[in-house]
Every structure is written in C-alpha cells, then in structure tokens.
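# Structure assessment
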Amino acid sequence: MEFETVIGLEVHCQLATESKLFSGSATQFGAEPNTQANIFDLALPGTLPVLNEKAVAMAVKFGLAIGAEIGKHSVFDRKNYFYPDLPKGYQVSQLDYPTVGKGTLSITLDDGSEKIIGVTRAHMEEDAGKSLHEDYQGMSGIDLNRAGTPLLEIVSEPDLRSAKEAVAYLKKLHSIIRYLDISDAIMAQGSFRCDANVSIRPVGQTEFGTRTEIKNINSFKFVEKAINYEVRRQQELIEDGGRVVQETRLYDADKDETRSMRSKEVANDYRYFPEPDLLPIVIDDEFIEAIRAQLPELPDARAARFVGDFGLSDYDAGVLVASREMADFFETVAQRSGDAKLAANWVSQDLQALLNKNNWELSESPIQAERLADLILRIKDDTVSGKIAKTVFEAMLSDESSVDAIIEAKGLKQVTDSGALEGLVDQVIADNPDQAQQYRDGKVQVIGFLVGQCMKLSQGKANPAQINEILRNKL
Amino acid sequence: MIKKTVTELCAALASGETTSEALTRAYLDRIAEHNGALNAYITVCEDSAMAQAREADAQRAAGSTAPLLGIPIAHKDLFCTQGVLTTSGSKILHNFVSPYDATVVERMQAAGAVMLGKTNMDEFAMGSSNESSYYGAARNPWDLKKVPGGSSGGSAAAVAADLCAMATGTDTGGSIRQPAAFCGVTGLKPSYGRVSRWGMIAYASSLDQAGPLCKSAEDAALLLNVMAGVDNKDSTSIDLPAEDFSAKLNDSLDGLRVGLPKQYFTSELNPSIAAIIKTAVGELEALGATVVEIDLPNSELALSAYYVIAPAEASTNLSRFDGVRYGYRCEGPKDLEDLYKRSRSEGFGEEVKRRIMIGTYALSAGFYDAYYRKAQKIRRLVKDDYARAFEQVDVIIGPTTPSPAFGLASIKDSVTMYLEDIYTIALNLAGLPGMSVPAGYVDGLPIGMQIVASDFAEAKLLNVAHQFQRVTDWHTHKPALTANKEA
Amino acid sequence: MAFDKSEVEKIAHLARLHLSSSESEEVAARVSDILGLIDKMQSVDTDAVAPLSHPFEAVQKLRPDVVTEPNRRDELQALAPLCQDGLFLVPKVIE
C-alpha cells in the first residue's frame, strides 16, 4: 500500500522583548539561575500580570507579515497543570481568541514550484522555566529565568506532505521571523522550537490518520530526520497490522529515533478558562496601521526585486534572500561594487562556501560587505583578474588591511604596461617556436596555449585580453 | 481616645491633644488586654508600630499633613506586608514573610498610617464565620460565643472592640459587609476595580475587592480617598478621574430614590431584622428620600453562580501553593506528586479544599459549559437586573445578613453557611459598591443595613450612609467588652 | 448532579489534593450538597445570554517593554523550603 504523509507544525518562538510578557524581569539568555525571576515570575501570592506592549506589537507584526486576520479582541486564558517549571500552576495562553488568526506562507518545492501552507493561528503565551536534571541531593533543580518569557506559538494547518516540505516551511517561517526581527530564533538556544504532528494515510484517503506529536526537535536537520523516522515507524506499524496510538513522542537525536513519553500519557485536563487577572486586549486599526508601516520588505518581495532590478535568476535570488543578513550583505556589495551579478556570484558561492567551511555566522566572517565590494571593483577595473581575485580573497581572511593594500603588498596587480607585456610575449614566442609557427600556418586555436604560457610566466598577473591582442599582432 | 473615629483622631493629633506615639501605645495595650479573648490579630507588630508612630509625630512636627498621619491601622492578613508574616489565615503560608507590600498597604503607609498588625480571617477569605482560619476563629466582641462573621472577621472585631482605629478588609462575596454587620461597624466594599488588588492574596480574581472597616461613614470616605485609584500593577484596576469621597457627604437626601428589592423582604427574612431595616429606611424618608419596591429577579441565582465562579477562580489561584518556592512543604516527599499532594492537603484546611474541588470540577472537561459558562451567563443576568433597577433608583437598601451573628460552631453544613451571604453576594458578581452600616439590634447583637449604589457611585453611597449616621447613633455604640470576658 | 467517590478521586488528582478514603466520602457528600445549590441555575434559559467574565467590560492596559526588576534571588530564595546553587529543589522530575 502506498502512503501519504501529513504533517502540521507547532512552532514556539520566543519574542525578543527586553522584559517578560507579564513582568518587568529581564529575558536575557544564559543568565545565572533565578536571577531573572521576580516576585511575579515566582508566583508569589498577591502578584498580578501586566501585559508587555512590545510583545503584542510583535505578534501583530507577525500576523501582518503572513497576511493573517488580527484578532481585534483577543483574550488570555489559563491553561492549568502542575509542573515545577510552571510556578503559578497555570500557563497564561490564548485559546479561543488568539491575537493572530488564519494566514498563509508559501514555500518553494524541489521542482521550483510554489506551495501555499496555511497558518491556522498564532497566539501569545508564557514560556515555562527549566528543570535541570543533574543530581542535586538526588533531586531536580528548577530555574525560573525563562518562566514568563513571551512566546508566539505558530500553528500550521496539516498542509505539509513530506519532511522536506516541513523543513522548507520551517526555514521560511524562520526567515520571516528574522526579517521582522521579533525573535533571535536560535534553535540551539531554544528561542525557536518545533513540535511536529505526524500521521500517514493511504494515498487517496481523505480522512487523516491517527497522529503523534514529536517534541524535542532542536535543529532543522533533526526536523527532517525525526519526521522521516516517525513516518517509517508508523508505516511499518500499519503494515505489520498494528495501529498508531495518539501520543506525544520525544525525538532522541543520538539514537535518531522517536520514543513514547509515557509520563505524559495520562490524559491532561487543562481546564482552560478566561484569565480573570487580565482584560481583553483590544487592538484598534491605528495600532495595526502603525505596525504595518514598520513592516520591512519580506523575503518573497525582496527576491522578486532582486530578479527585477538586478537581473538575478530566481534561484540565486531565493538563496540570497533566505536570510535577512545575507540579503542585506548582498545589497551592500551590489550597490558599492555596481555589479550585481558579480556580487551575487561572490556572495552566494565564495562567501557562502567560506561560511560553510568554517561554520561561521555571516557576522563572524572576516570579509564584510565593503571589502568584498572593493575586491569586485578591482576586478572590474582590471587591477586583478577574476582568478587572482580568489587569491586576494584568501589573503583577506588573515589580513585585515584594505583590498588595495593586500594587492599591493602581495604584488598581485595585473600587469597592463604594454612594454612589459610585449617583452613577455616575445619571450613566449621565442620559447615556443613550434606553436608560434602553427599559429602562423593558420591553426589559430593554438593561441590559447600561448596566452596560457604568458599568464604562467606572469604568475597570472598579466591582463589576458591585452596579451591576446599583442600575441596576434606579433604573430 | 481610642474609641474615637479617625476623623476625630485626626483633629486630636492635629491640635496636639494627643500624639501618635501615645495613641499607638494605647491601642497596643488594649490589644494586649483583649486579643487573647478576641483573637482578632494573627500578628501584632509592636516594635515597628511604635517606631512608625514616633516617625509620624516627627513628620507632623516637620509640617507633614498626610491625611492619616499617625492613625493606627490593622490590615487583614491577606494584604502582603513587607517583612511581616502574611498568612491569609492558612497553614500553607504559616512561614511566609512577604518580600513586598500590597498597594493598599503602601498607600496607607504613604498617608501616614501606623500598622498595628495583621488581622485574623477565614482561610484564603473563604468563609462567613472566621472559623476556617488556621489560627482559630476570631470572636465577636458583642458576645464571645458568637462568630464575628467573615472573612474579614478579625478586622471587624478589632474595629468594634477598639483594638485599632481603622482596618482594611476584602470582600469577595460579602467578606467586608457581613462581618461589619455582625460586629456593629461600618464597612465599605468599593466597586470592582476601584482599589488595586496588587499584593492582595487572591481568592477569586474577578470578585475580590479591598475596602475599609471603620467606625463611621465619614471615616470610610477618608479611607477610600487613600485606598482608591488606578494602579499600573493591577490590569483590572480602573482609571477614573480622582475624586474626593468626603466632598459630598453632606449633600441633602431630598429627592433620593431608595429601592427595596421585593426578593429581600420575604417570609424567610428574620422579622426583627425586617423591622429594623424598615425603621432605618423611615429615617431616610424623613430626610427627604422616596421609597419604591424594585425587582431583582435573579437574586437567588446569584448564590448559585457565585459558588461556581468563585471556587473556579480560586481553584487555579491556589495552584501556586505547591511547596516549591515558599510556604509549607510536607516532610520527606517521596516523589513530585507526593510533594504536591501532601504539601497541599496538609497545608490547606477543609473548606479551602472543598472549594478547590468544586472549582476544579466546574472547569473540568465536560462540565465547563454546564457550570462555569452557565454561571457567567447568570452573572450577566444579575448585572442586568441591577442596571435596570438603577434606572429607577439611586440606592438599593436591604439587610446585610439574614440573621444576627450566629454561635461559634453552630453551622455545620456548607450550604447553610453559604446562605449567610445571600444578600451580599450579587454585588460582587455585578461589581457594584455596597456598604453595611449599623442599624439596630436583635437579641443584643448588631444588625447591619446594606446600601448599594450603581457602578462607581461610592460618593452617593457614603453620602446616604453619612446622613443616616447623622440622625442615628447605632454606629457609636460599643460592646461591653469586660462584661463579656467571662461569658 | 451526583458527585461520587470515583469522581472525587479524579478531581482531587487534577487539583493535586490527597484525600483519604473517609475524607473522599465526606467530600463527595458535601460537594453533592453544594452542587444541589449550584444546579438551581440550570432551570434558567440562558441560550441568548453572553457570558460575563468581568463586572466591567474594560480593556487591557499595556506596559512599556522595560526591565524594571532587579535581581533579588538571595532574598526571595530565603523564602523557599529547599534551594541549592540558586535553584529550587524538587523531587526528581521524570520526562
């Protein structure tokens, strides 16, 4: 039997506010335990929540970016359960009236086509603290620094049909969030977390199969692996005559498998009800329009502009806009160098390869946009050839001086002095009489060999076009 | 001197007739003498009170005119007080020394009040008799075998017995008004949102409201002036224009329209109480008021809705008491669930556990619509009843309680106890302001008249109460404490 | 609505309360009485009535995104039953 995979993703994204959703405590990552947990965060009796305006603005910003309906009257609810990382014994979340309603985003499939993925909703809620499982007198330690950090939970429709699509959706979402600058969205630090609802069904069947929820997926790579594992597991289960059980499963990256979280199997009854310590959030048109006015150019629009204005291919444009930083970098290089195509090639190939090789963030690269643009300018004005430019690029990694200084110091400047070049050509003709004769006899393609010899002799610094011309004249 | 009202004490302090130090000493002495019998205070802050009193006297010498400068106050033990034990009447907070002040406490302090201590209360404000306190029930100063009412019973008893000049209380379903009635003092529950809830240990968030218990309506106005006002720390506090609640106390009642709910004056009401209220209303008529009968058709259902909404909110408000970050923790928990279950079961009293159970049930899967949602709909009907009534009248008057103070341990079953709040509870659902003022006696025990006004019309309420107190002297009567001591 | 012992146990677990067998019976009886009082409201038709969460239908205030709270860990952890290395300790959390 052939199966179809159905995936929906729930993404928890920490909003990059200075202070918490409902208190004035700081939200910095990596602080000493419990130093960013005030009396409200510790749920001391008598403390009350007051909503952070920036968090609301960020949620609305996200909503506008995905073309979603903004809940003009959204309501916080209490989700009740006991857990040591949840000090109040309830999480303040939004059930029936989320701030962000239905929206969409588009992903590019392998064949280059676009697919629209539905976003069901995005709601604001509080993050929980952390339980540390090292041994403290045989007990667990609780750090509540993270408790109360604002989260936006973004729920997709079950529109994804493969692990690859899921990753594409997740990357697109990540890209939009980074463009909006509403979250650090660093998976490894937990500011961008993903749970996957996975089910399979026979091809052609319209009802959904029983789904499992996979938690603890903390990199894009693992999203793909975890889903693929889970799909295989479900398929084998069904093919062996078994049945998928609706449950929460934990992804174990070391073993590359998902396993049942037995401790959470007991059916929870969260007893949601409207949070009486908070009133409905009313978002008026003025608030929405003020945020709309601040919306940056988003990846799809930017890619279209790169294609239109710079003549890039869809593929190159897509690669360059995936990250806002990369796109900004490219634009700086393109503008400063005045050559978008060269800029696109250098950024998406040489620079990208450099980052990949060293596992660097763009900001960590020793070659920033201005210097790369300067290098391209030197290619354009024939100071260096494209090939020598690679040597300069390498040199720039360990040398912080200007492009010109490096070219000068390393003697990499292209030789364009016709006197010097003529001497060079004379020597090559003298050293290779046979080939010179062949050319004179009409075997014109041999010129390539002779140019090569000239270049070799000049250690690549000769201007090949000039050499070519001088050779032809002399022969 | 200690029997005087706050208004009178302010004058005495201003004229130099007494000092805050002398006054505070006198109250502390009286507490030392009578608190053993009354159990009105859980904590007495002798040293800090004397220090605050001396500071108040120094400030007065330096020219301060803070409105309550040097006046000794008692706070209900659910207001968080920095550096002072704050128990909410519960074992689960038996060791909780608050690291912060409630806004009400802060405002009283800024107004110059001297904190004598923290008063007894039903555990987490759940009760109408003070008997659910982990610290034992406070007693009614009029008869030590009777309850003082609840939940702010300690505050009411302390005011009635002159163990303080004034006190704070909170009212979720009658917890200021009913003990005020039982102890013969004046109690005001402001409109929901009028006074900040920051630092008030929550019972039911959408119903809780702080207010004063004191010796006259005039005092209540002074206290409300200090307590009221929007607070950025409480999202549900309401931003209203500043108001001087003392300004309209002496407005004429000529033309005042008084509504008497027909649902209150039925055969179920103690006839002696009915007579007292009718007489009191007669006093208002003599001052120019006109009286009409009004209809509050959903009065009886208010009690049902309340006993869903309040426990539901309470059940989750009390989830934070888990033995992890503060408060009582059971001995040697064998695992996490054991830690939760034993800390909570050993730390909470019976009534609190009962209400947590009801609230949890009302919110649980399958029952939410039939209970919680239904109760919220009834809540709207109750509010609409009042809105209609206030189109016809300026204030609504009735008894505060269906009976005078009852005997300690005389009410055993929950439902009978809950029915004690039959006249007070609807206001909390509707968020309206209400007062109880002393209006007479039945069997030697004080009876309270409840006055209710429309949303944020506390000034009207205080005006009516003050005018009533100008022509009557019930509020000036004092229990004969020594005579009762042996009883 | 009847509230039997098994219901009591389920609800007690949700609320993380431990009730002995005799307590469960007592609670079941008491709570059933209270539910009798509560159920009076079932007689009213409220289909057309919108639920009311707050007495006044006011709007949520917003707070500027500013860090206002200093670190008070040592003072606050002095309230806790058990702490070590700045952490609150609880019996092992099993995931």
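All values derive from a computational prediction rather than experimental measurement.

Another point: the overall build of chain C. Broken down by element type, chain C carries three helices and three strands. Reading chain C from its N terminus to its C terminus gives the helix and strand order α-α-β-α-β-β. Computed over its C-alpha atoms, the radius of gyration of chain C comes to 22 Å, more than 25% above the 12 Å expected for a compact globule of 95 residues. The principal-axis extent of the C-alpha atoms belonging to chain C is close to 55 × 45 × 25 Å. Within chain C, buried positions represent 44% of all 95 residues. In the structure as shown, chain C presents an accessible area of about 4700 Å², 53% of it carried by carbon and sulfur atoms. Separation of charge centres in chain C, based on 10 positive and 17 negative side chains, amounts to 6 Å.

We now examine the overall build of chain A. Looking only at helices and strands, chain A features 15 helices and 16 strands. Overall, chain A is about 95 × 55 × 55 Å in size when its C-alpha atoms are taken along their principal axes. Expressed as a percentage of the 475 residues in chain A, the buried residues total 55%. In chain A, the proportion of contacts linking residues at least 24 apart, taken out of those at least 6 apart, comes to 69%. Surface accessibility of chain A: about 20800 Å² in total, with carbon and sulfur atoms responsible for 47%. Positive and negative side-chain charges in chain A, numbering 52 and 75 respectively, have mean positions lying 2 Å apart.

The next point concerns the nonpolar core. Residue and element names in this part refer to chain B. Ranked by internal contacts, the top residues of the largest apolar core, which has 203 residues, are Leu 68, Phe 124, Tyr 386 and Ile 397. With eleven residues, the single largest contributor to this core is helix 9 (residues 299–317). Those residues within four positions of Ile 397 in sequence are excluded, and the remaining contacts are Val 258, Gly 259, Leu 260, Pro 261, Phe 265, Ile 277, Val 281, Leu 284, Met 449, Gln 450 and Ile 451.

Attention now moves to the interface of chain A and chain B. Each partner contributes residues to the interface: chain A has 30 residues there, and chain B has 38 residues. In this assembly, chain A packs against chain B so that about 2800 Å² is buried in total across both faces, 61% of it on carbon and sulfur atoms. Looking at the side of chain A facing chain B, the largest losses of area belong to Pro 45, Leu 48 and Phe 82 of chain A, adding up to 23% of the total buried there. Counting every contact that joins chain A to chain B gives one salt bridge. Arg 197 of chain B is the partner of Asp 277 of chain A in a salt bridge, and the nearest nitrogen-oxygen pair spans 3.1 Å. Linking chain A with chain B are 18 residue pairs in polar contact (both at pLDDT 80 or more), by the criterion used here. Of all the secondary structure elements, the ones that give two or more residues to the side of chain A that touches chain B are strand 4 (77–80) and strand 15 (273–274) of chain A. Here the side of chain A that touches chain B is composed, by residue class, of 21 nonpolar, four polar and five charged.

Turning our eyes to something else, we now look at the state of the cysteines. Taken as a whole and judged by the stated rule, the model has zero disulfides over all chains. Cys 194 of chain A supplies the cysteine sulfur nearest to Cys 13 of chain A, a cysteine that is in no disulfide, at a spacing of 12 Å.

The next point concerns the interface of chain B and chain C. Each partner contributes to the interface: chain B provides 71 residues, whereas chain C provides 55 residues. Taken together, the two surfaces of chain B and chain C that pack against each other cover about 5500 Å², and 67% of this comes from carbon and sulfur. Together, Met 357, Tyr 361 and Arg 380 of chain B form the three largest contributors to the area buried by chain B at its contact with chain C, with a combined 14%. Summed over the shared surface of chain B and chain C, the number is one salt bridge. The tally of links from chain B across to chain C stands at 23 residue pairs in polar contact (both at pLDDT 80 or more).

Residue and element names in this part refer to chain B. One open sheet accounts for eleven strands, arranged 1-3-2-4-6-5-10-11-9-7-8; its pairing is mixed. In this open sheet, the two strands that pair with only one neighbour each are strand 1 (41–44) and strand 8 (290–294). On average, adjacent strands in this sheet sit at an angle of 30 degrees to one another, irrespective of strand direction. Note that strand 5 (residues 186–189) and strand 6 (residues 209–214) share two bridges and pair antiparallel. Residue Gly 187 lies in a different strand from strand 6, and its bridge partner there is Leu 213. Running at roughly 115 degrees to strand 9 (residues 395–399), helix 12 (residues 369–392) makes contact with strand 7 (257–261), strand 8, strand 9 and strand 11 (445–453) of the sheet. Against the sheet, helix 15 (residues 458–471) touches strand 5, strand 9, strand 10 (434–442) and strand 11, its axis set at about 25 degrees to strand 10.

All names here are of chain A. Evaluated as defined, the whole model comprises 30 aromatic pairs over all chains. Between Trp 346 and Phe 393, the aromatic rings sit 5.4 Å apart at their centres with planes inclined by 50 degrees, giving tilted as the arrangement. Here Trp 346 is found in helix 8 (residues 340–358), whereas its partner Phe 393 is found in helix 10 (residues 386–398), with 47 residues between them in sequence. For the residue pair Trp 346 and Phe 393, the accessibility class agrees, reading buried in each case.

Further remarks concern helix 2 (residues 21–38) of chain C. One turn of an α-helix holds 3.6 residues; hence residues three or four places apart share an orientation. For helix 2 of chain C, which comprises 18 residues, the first-to-last C-alpha distance of 25 Å matches the rise-based estimate of 26 Å (1.5 Å per residue) to within 8%. Within helix 2 of chain C, the full set of buried residues consists of Ser 24, Val 27, Ala 28, Val 31, Ile 34, Leu 35, Leu 37 and Ile 38 of chain C. Elements in contact with the buried residues of helix 2 of chain C: helix 9, helix 11 (350–363), helix 12 and helix 13 (414–419) of chain B together with helix 1 (5–14) of chain C.

Turning our eyes to something else, we now look at the pairing of strand 4 (residues 166–171) of chain B. Sheet faces and side chains relate simply in a regular strand, where the side chains alternate between the two faces. Residue and element names in this part refer to chain B. Strand 4 sits mainly inside the fold: six of its six residues count as buried. Alternating positions in strand 4 separate into two faces, Met 166, Thr 168 and Thr 170 on one and Ala 167, Gly 169 and Asp 171 on the other, with burial throughout. Strand direction decides the pairing type here: strand 2 (residues 72–76) and strand 4, joined by two bridges, are parallel. Paired with Ala 74 across the two strands is Ala 167, which belongs to strand 4. Where strand 4 and strand 6 come together, five bridges link them in antiparallel fashion.

As a further point, take the sheet that holds strand 5 (residues 90–93) of chain A. Strands sit in the order 5-4-15 (chain A) across an open sheet of three strands; the sheet is antiparallel. Unpaired on one side and paired on the other, strand 5 and strand 15 of chain A mark the two borders of the sheet. Pairing geometry for strand 4 of chain A and strand 15 of chain A, over two bridges, is antiparallel. Counterpart to Arg 78 of chain A in the pairing with strand 15 of chain A is Phe 273 of chain A. Across the sheet, helix 9 of chain B touches strand 4, strand 5 and strand 15 of chain A, and the angle it forms with strand 4 of chain A is around 60 degrees.

It is worth spelling out the environment of Pro 280 of chain A at this point. Secondary-structure assignment places Pro 280 of chain A in the loop between strand 15 and strand 16 (281–282). What Pro 280 of chain A contacts, discounting residues up to four positions off in sequence, is His 73, Ser 74 and Val 75 of chain A together with Ala 58, Val 59 and Gln 60 of chain C.

Residue and element names in this part refer to chain B. With omega at 5 degrees, the peptide bond leading from Gly 150 into Ser 151 counts as cis. Counting through the fold element by element, Ser 151 comes out in the loop between strand 3 (114–119) and helix 5 (153–160). A positive phi angle, close to 50 degrees, is found at Phe 124, a residue other than glycine. Residue placement: Phe 124 occurs in the loop between strand 3 and helix 5. Relative accessible area serves as the criterion here: at 0%, Phe 124 is assigned to the buried category. A positive phi angle is found at Ala 409, which is not glycine, with a value near 60 degrees. Within the secondary structure, Ala 409 is located in the loop between strand 9 and helix 13. Residue Ala 409 is classed as partly exposed on the basis of its relative accessible area, which comes to 44%.

Taken as a whole and judged by the stated rule, the model has 60 salt bridges over all chains. Among the salt bridges present, the one from Glu 46 of chain B reaches Arg 25 of chain B, with a minimum N-O distance of 2.8 Å. One end of the pair, Glu 46 of chain B, is in helix 3 (residues 46–61); the other, Arg 25 of chain B, is in helix 2 (residues 20–38), with 21 residues separating them in the sequence. Across the salt bridge formed by Glu 458 of chain B and Arg 194 of chain B, the nearest N and O atoms sit 2.7 Å from each other. On the criterion of sequence distance, the pair formed by Glu 458 of chain B in helix 15 and Arg 194 of chain B in the loop between strand 5 and strand 6 is long-range, its members being 264 residues apart. The exposure class of Arg 194 of chain B is buried, given its relative accessible area of 5%. Connected through salt bridges with shared partners, the residues Arg 78, Glu 275 and Asp 277 of chain A together with Arg 197 and Asp 234 of chain B form a single ionic network.

Residue and element names in this part refer to chain C. Of all residues in chain C, 97% have pLDDT values of 70 or greater, and the mean over the chain is 92. Highest mean pLDDT in chain C belongs to helix 3 (residues 73–77) (98); lowest belongs to helix 2 (90). With pTM at 0.91, the complex prediction returns an ipTM value of 0.96.

Parameters at a glance
- Residues numbered from 1 in each chain as written.
- Chains lettered and ligands numbered in written order.
- Predicted model: local features only at pLDDT ≥ 70, side-chain atom pairs only at ≥ 80, totals over all residues.
- Heavy atoms only, no water.
- Helix = DSSP H or I, 4+ residues; strand = E, 2+ residues; numbered from the N terminus.
- Rg over C-alpha atoms; globule rule 2.2 N^0.38 Å.
- Buried < 20%, exposed > 50% of the residue type's maximum accessible area, 1.4 Å probe, protein only.
- Areas by Shrake-Rupley, 256 points an atom, 1.4 Å probe, with all protein chains shown as cover.
- Lys, Arg positive; Asp, Glu negative; His and termini not counted.
- Charge placed at Lys NZ, Arg CZ, Asp CG, Glu CD.
- Contact = heavy atoms within 4.5 Å.
- Core = buried A, V, L, I, M, F, W, Y, C linked by side-chain atoms within 4.5 Å.
- Buried area = accessible area lost by both parts, 1.4 Å probe.
- Salt bridge = Lys/Arg side-chain N within 4 Å of Asp/Glu carboxyl O.
- Polar contact = N/O pair within 3.5 Å; in protein donor to acceptor, adjacent residues only side chain to side chain.
- Nonpolar A, V, L, I, M, F, W, Y, C, P; charged D, E, K, R; others polar.
- Disulfide = S-S within 2.5 Å.
- Pairing = 2+ DSSP bridges.
- Axes fitted to C-alpha atoms, helices over the stretch in contact; angles between N-to-C directions.
- Phe/Tyr/Trp six-rings, centres within 6.5 Å; stacked < 30°, edge-to-face > 60°.
- Expected span 1.5 Å × (residues − 1).
- pLDDT = per-residue confidence, 0-100.

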